[in-house]
Every structure is written in C-alpha cells, then in structure tokens.
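A closer look at the structure
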Amino acid sequence: MTREIAVVAFAQTDHRRSTEESSEVEMLMPVLHDVLDRTGLKTADIGFTCSGSSDYLAGRAFSFTLALDGVGAWPPIAESHVEMDGAWALYEAWTKLLTGDADTALVYSYGKCSPGSVRDVLTRQLDPYYVAPLWPDSVALAALQAQALIDAGDTDEAALAAVGARSRADATANPHAQLTGRVPQGDYVVRPLRTGDCPPIGDGAAAVILAAGERARELCERPAWIRGIDHRIEAHALGVRDLTDSPSARLAAEKAGAFERPVDTAELHAPFTAQEVVLRKALRLDGSVRVNPSGGALAAHPVMAAGLIRIGEAAARIHRGASDRALAHATSGPCLQQNLVAVLEGDPR
Amino acid sequence: MPEVLKAPLVVEFPFTRSLGPVQSAFLTGLRERVVLGVKTTDGRTLVPPVEYDPVTAEEIRDLVEVAPTGTVTTWAWNHEPRRGQPLAGPFAWVLVRLDGADTALLHALDVPGPDAVHTGMRVRIRWAEERTGAITDIACFEPYDGEPDQPGGHTGEFENPLTGIVAPARLDYTYSPGRAQSDYINALSAQRTVGERCPSCRKVYVPPRGACPTCGVATWEQVEVGPRGTVTTYCIVNIKAAHTANLDIEVPYVYAHIALDGADLALHARIGGIPYDEVRMGLRVEPVWTQGARHPDHYRPTGEPDADYDTYKELL
C-alpha cells in the first residue's frame, strides 16, 4: 500500500534584489521557523531534512553546510542536500517518506543571486567541452528558444509581453513578490527578449513540510496531497532538442497523472515569458486553468528556490481552499532542459 | 544598522578535462579545420558529436565529416557581449545546422545588426587564426551565399590527437559576510573578540554565525570573550604553507584550538613565542596583534599556570 503524502505547510521570504546584510543562514532561518510554527512542530520532531541550493550562486563554498545551523542539526539529524532547485529536494523527501523511514520531512532551499552575476554563473552548468567556453549566458539561451517559438508561429513579442504583464499584475496580490504591478517591458536584453520577459534577479528562501497519512491530517486542516510527482530530463545539447516543445515536461506530467483529470490551477516555473508558452502547450493547459496566480518566476526568481516555491504556492492554495487540484512545475538547466511535475489535491469539501 | 562589509571575491579555476575518443576527434579536427559529426544507429549525424546517443544512450563512434557551411535554425541578437563570449562587438548567437548534419551547433554569427540575420540564412565557419583544439577554434560564423561546401570524407584519424583540454573558469562576486560575522569582524578591528550567546542553550559561539547550530535559533546577544584563552588541542605543522600570506612562517609551528575565556566553542590560531615542542593542552595564551591587522597574528603564552583539564574538557 502506497503511503499518502502531503504538503502540510509552506513559507517563504520576501524576495529582494539584495540581502547583503544577511548570510544565507540568517536569510533562511526566519523561513524555517515560520514553516515549523505553522505545524507546531519543532526541529527535533522532523523525521528527514532535505535542502536544495548551489554554492556557485554566491560563490560561498559549503554554504549548504552552514545553512544547516538554522535547523539545529545536533544531535545528528537525518539530512540530505541536492545541488539543485528545492523541488528536487522535495522529490527526495517524498521518496524517503514513501519508504516509511520517516513520517515528516522539512524541505528548504535558498538562493542568493545578488553577490554574483547569475547570467554568467549559470554558464558553468553547461557542457564544458563545446558550450561553456563560449560563455553563453542564461538570457542568451532563453532568447534562442524564444526566437525559435516566434519562427514557429507559436508566439510573438506582444504575446510574450502580455505574459510578463499578467504575471506582475497577479503578483500584486503576493506580498513576497519582488516585481509587481505595471513594469515597463523595457529594452532588449538579448533580442527577442526584453527586460520584461526576464525574471528579476534576487535573493530568497522557501521551506515546505511534508507529512504522511494521518500525521498530515493532524498537522494541517486541508493537506495538499501529492497524487503524483515525476521528473524527466532531455539531452544537454541544445541543438539536439526541439526548443519549441518540452517532451520532458509532458512525460513528467503524464507519469504524475496530470492528464487523468483537469487541474484548476498551475504554478509553472517559467523564468522567461516564452517558456510559459512552451509549458502551456506541453502540459495541455487551456484557458480554464489559472496559471501562476502567485505571479510565478517572472515576479520573483530566487534561483534554486523558485521551483520549490511553485509547489509551495500550489499547496498553499489547496490549504486555503482556493484550489482542489493543482499542477506544480519546476525546471532546471537551460531552455527547460529538466522538468519536474507534481499533482496536488485537497480532500473533497 | 552598521555599514555592511563587502569585498570583491574572484573564484578562478582552470579545469583540466580529459576527452573521450569522439570529443578528441572533434576538437582535434577543429584544430585542422575539419568538422566531424558522429552517426547514430538510426542514421542521424550529430554535430557537435557526442560519445553516447542522446536518445538511446548507445555508445556511438562512427565519425563522419560535415561541411563548414550550414543554415541558421534560431538566433538571438546580443548587443552587449559579456566577458569570454566569442566576439567583442555586438553579434548574433546562432544555432547552426551544418550541411550534412542533423543537429545544430551553438556559436556566434558576425553580422552588423539584427536586420542582417534570420532563421534559415546560410552561413559558414570563420576559422580562428590560432587553433589549439577547442570550440573557440571556430572564431564565429559569417554570412555565406555560395553553394554548400562538400565535406572531405575525413576518417577522424589525426596525428597528435588531443587527449584533454584546459577550460578556464572565472566568476566574480561581491562577498558580504552577513550580520553576525560583520559584527565579529568589526569588533576584531578594534582588537576585541565578540561572540554571540544562544538564547536557548546559553552557549557562546565564537566566531558567531547568527544561529545556534544545536538549537537552530537566531543568536544576537553579544558577549565579549577572551582576550586570554586555553589551548584545548593542537597539531604541529611541518609543511611550509603555499599561500603567500603565510610564507614568512617558519616550520615547524603549532596550530591550536583555543577556547577563549567565556567562549563555548574553540577557535583556531597559530601559537608563537614558545618552542613548538613545548606547547601542550591547557597552555594559557593571549593574542598578539600587529600594526593595522584585522585579526591577531598569533597567540603566545601568558605565563599563567596551565588550566585544569576539567575546565576545558567540554570544549575539545
């Protein structure tokens, strides 16, 4: 019998252009306390802790071990870390709970983009033989994808601008968002992408608590049950992929059961406007689905936390009864190379 | 709030990477102005070539030469090139499917402006003057309106094939240590050592990191500790430091954990002013400051009687 596992609490920082006055653990700790407070749990009650982050962002070696100061890791706790977005840390925690080794898990992630140049930092994740020596920055690669979509007739610059405008308008209802309201579309950063097509650069952190079965019902009035979760990856070579499609997102969604019944909400991790176009098509989201009511990654994009935040935002909507069945998506790598899809549901009301 | 401390931080590393047989042939080929692809078992030609089929993961080794001419499959106009990118002036990023290939290669296209580039346009490789066996042996692409070049049928066998590359990487940061460590560093510059007490377990952490690692709660109550302390444990260093800042230190020397009076965590520092073989657990020490320094240069014996083991055994 498969265990039922739910997101029972979610917390995040206000996302800001810079948190230079705080170290990573100083930025993260209030979020950890916030998410624990929502369940009444203490760190000692948590069965498994898993985090996602990248030391490259802030250039601070082993920052993830220093961040552990914030969870109170003594006496020794069961703990793991992925050098990925926190959504993948959540996936690991979910599998841990499935084994029955733990009943609760704390998942957190953080990203401090402000100390470095995230456009350049992300070049270091590319193929080191054929691609990284050219230093193609993250906006340039997203722009190649956007142009491919425009050439294919899937979108145009006005439609892309509308994605950004809708996201930032929705973000006015999100007190944690960094970029909200009417934001000028701006000049080209790398054509065809303009400032408004790109995510804000900023720092932030997020945390989620998972719980299994009855424990979830004790900790949360309306748990967001993870009905399915899966992640898939495509080839790393950009020239091998069809950049106008996302077969990995589609397959992850299929394996997560997303196509079995319609969802009412989708939180998509699309840092660039054109990527929302790709994902809507791959995930078969029509106009009836509320996409990124939080404002999404175009309103706040703490790298390594932005995917986990999508799961948290979707879960929080279920917690407060604004959604019954939601899809949450996270991405990693250039041009949506790797994709994770989770399907969350609330108990019938 | 006091001023946030900041300092430039450059992380630089030359990655030395070995090459597989396909990568070696491709990069050696670029050195010789030959572009090689690799055939998959379903008959497609991948350029740039990889060692394993991206779909089936089969090992693929069947090299085939392709033309230095090709077609742009997508592009992006880069009006403000960044450090390390192929061209210093504005250029287009392009994916190019070379004639004879089924997949596209990422590179730069040298054209005067965005109006001079479109998907489907014909381009050819402009070779770098000096070639070493790297993707940058292709200086960039340039517009080309001639017939497709015929590939030469090269087998991929070269004299002196490359076996590895050195890929330099450099990232620039502005480092800021955060609230607790800034306070610590600011106090040190006034020759004071200031830790922080955990509100829960009452332990005093030096240096403070803003959180109690045992309780997982924020620390903020500042506690001045030392300046004197006790050696809790130590080691004798016999290897001369490679770092330039430490070149003046003669070996052997002693590096020790020191529990400053009032602190619940030992910090570490060099011990001087005493022969290395006379340092011992329980030795009482004090900091020695040099002119203008932001931290003690080393610690030296105070001359007090050694501390009783029971006074520091919890701090080992």
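In the nomenclature of an unreviewed UniProt entry, chain B corresponds to DNA-binding protein from the organism Streptomyces cellostaticus.

Where an unreviewed UniProt entry is consulted, chain A appears under the name Lipid-transfer protein, with the organism given as Streptomyces cellostaticus.

**Observations regarding the overall build of chain A**
When you go through chain A residue by residue, the secondary structure sums to 11 helices and 12 strands. A compact globule built from 349 residues should have a C-alpha radius of gyration of about 20 Å, and chain A, at 19 Å, falls within 12% of that. Each principal axis of the C-alpha atoms in chain A carries an extent, and together these give about 50 × 45 × 40 Å. Within chain A, the proportion of its 349 residues that are buried is 65%. Put simply, of all contacts in chain A between residues at least 6 apart along the chain, 80% involve residues at least 24 apart.

**Digging into the overall build of chain B**
Scanning chain B from N- to C-terminus turns up three helices and 18 strands. Over its C-alpha atoms, taken along the principal directions, chain B stretches across nearly 90 × 45 × 40 Å. Of all 316 residues assigned to chain B, the portion counted as buried reaches 37%. In chain B, the proportion of contacts linking residues at least 24 apart, taken out of those at least 6 apart, comes to 58%.

**Overview of the sheet that holds strand 2 (residues 35–39) of chain B**
All names here are of chain B. Taken in spatial order, the three strands of this open sheet run 3-2-4, and their pairing is antiparallel. Of all the strands in the sheet, the pair left with one neighbour each is strand 3 (45–46) and strand 4 (62–66). Pairing between strand 2 and strand 3: two bridges, direction antiparallel. Bridging from a neighbouring strand, Lys39 pairs with Thr45 of strand 3.

**Some remarks on the nonpolar core**
In this structure, Val7, Val107, Val208, Leu210 and Leu344 of chain A together with Leu109 of chain B are the most contacted members of the largest nonpolar core, which totals 198 residues. By residue number, the principal contributor to this core is helix 6 (residues 138–151) of chain A, which donates 10 residues. When near neighbours in sequence (up to four residues on either side) are disregarded, Leu210 of chain A contacts Ile5, Ala6, Val7, Val8, Ala93, Trp94, Leu97, Thr104, Ala105 and Val107 of chain A.

**Section: the sheet that holds strand 8 (residues 224–233) of chain A**
Residues and elements named next belong to chain A. Strand order in the open sheet formed by 10 strands is 3-2-4-7-1-8-12-11-9-10, and the pairing between neighbours is mixed. Among the strands making up the open sheet, the edge pair consists of strand 3 (79–82) and strand 10 (290–291). With two bridges joining them, strand 1 (residues 5–12) and strand 8 adopt antiparallel strand pairing. The residue of strand 8 that forms the bridge with Ala6 is Trp225. Sheet strands in contact with helix 1 (residues 24–39) are strand 1, strand 4 (104–112) and strand 7 (203–212), and its direction is about 30° off that of strand 7. Its contacts with the sheet put helix 11 (residues 306–319) on strand 1, strand 2 (48–52), strand 4, strand 7, strand 8, strand 9 (265–267), strand 11 (325–332) and strand 12 (338–345), and the angle it makes with strand 11 is roughly 170°.

**Digging into the environment of Tyr130 of chain A**
Residue position: Tyr130 of chain A is located in the loop between helix 5 (118–121) and helix 6. When the C-alpha atoms of Tyr130 of chain A and Ala237 of chain A are compared, they prove to be 9.1 Å apart, with 107 residues separating the residues in sequence.

**Structural notes on the domain arrangement of chain B**
Taken domain by domain, chain B comprises domain 1 (7–170) and domain 2 (226–316). Centre-to-centre, using C-alpha coordinates, domain 1 of chain B lies 55 Å away from domain 2 of chain B.

**So, helix 9 (residues 247–255) of chain A**
Residue and element names in this part refer to chain A. Those residues of helix 9 that fall on the buried side of the exposure criterion are Ser248, Ala249, Arg250, Ala252 and Ala253. Of the surrounding secondary structure, the elements contacted by the buried residues of helix 9 are strand 8, helix 10 (273–282), strand 11 and strand 12. One or two steps after helix 9, the chain reaches Gly257, where phi turns positive at roughly 85°.

**A few points about the interface of chain B and chain A**
If you look at the interface, chain B gives 57 residues, while chain A gives 48 residues. Those elements that provide at least two residues to the side of chain B that touches chain A are strand 1 (7–18), strand 5 (69–78), strand 6 (91–98), strand 7 (105–109), strand 10 (164–175) and helix 2 (179–188) of chain B. If you tally residues by element for the side of chain B that touches chain A, the top one is strand 10 of chain B, at eight residues. Across the side of chain B that touches chain A, the residue classes tally to 33 nonpolar, 17 polar and seven charged.

**Quick look at the domain arrangement of chain A**
Residue and element names in this part refer to chain A. Domains assigned within chain A are domain 1 (5–116 + 200–219) and domain 2 (118–198 + 227–344). Taken over C-alpha atoms, the centre of domain 1 sits 22 Å from the centre of domain 2. Domain 1 puts 35 residues into the contact, and the matching count from domain 2 is 27 residues. At the level of elements, strand 1, helix 2 (55–58), helix 4 (86–98), strand 4 and strand 7 are the ones that each hand at least two residues to the side of domain 1 that touches domain 2. Sorting elements by how many residues they give to the side of domain 1 that touches domain 2 places helix 4 first, with six residues.

**Examining the pairing of strand 11 of chain A**
All names here are of chain A. Buried residues dominate strand 11, accounting for eight of its eight residues. Every second residue of strand 11 is oriented toward a common face, with Arg325, Leu327, His329 and Thr331 on one face and Ala326, Ala328, Ala330 and Ser332 on the other, all of them buried. Judged from the three bridges that link them, strand 9 and strand 11 form a sheet pairing that is parallel. Paired with Ala266 across the two strands is Leu327, which belongs to strand 11. In this structure, the hairpin formed by strand 11 and strand 12 is closed by a connection of five residues, where Gly333 is found at a positive phi of approximately 85°.

Conventions used here
- Residues numbered from 1 in each chain as written.
- Chains lettered and ligands numbered in written order.
- Predicted model: local features only at pLDDT ≥ 70, side-chain atom pairs only at ≥ 80, totals over all residues.
- Helix = DSSP H or I, 4+ residues; strand = E, 2+ residues; numbered from the N terminus.
- Rg over C-alpha atoms; globule rule 2.2 N^0.38 Å.
- Buried ≥ 20, exposed ≤ 12 C-beta atoms within 10 Å, placed from the backbone.
- Contact = placed C-beta atoms within 7 Å.
- Pairing = 2+ DSSP bridges.
- Core = buried A, V, L, I, M, F, W, Y, C linked by C-beta atoms within 7 Å.
- Axes fitted to C-alpha atoms, helices over the stretch in contact; angles between N-to-C directions.
- Domains from an automatic or database assignment.
- Nonpolar A, V, L, I, M, F, W, Y, C, P; charged D, E, K, R; others polar.

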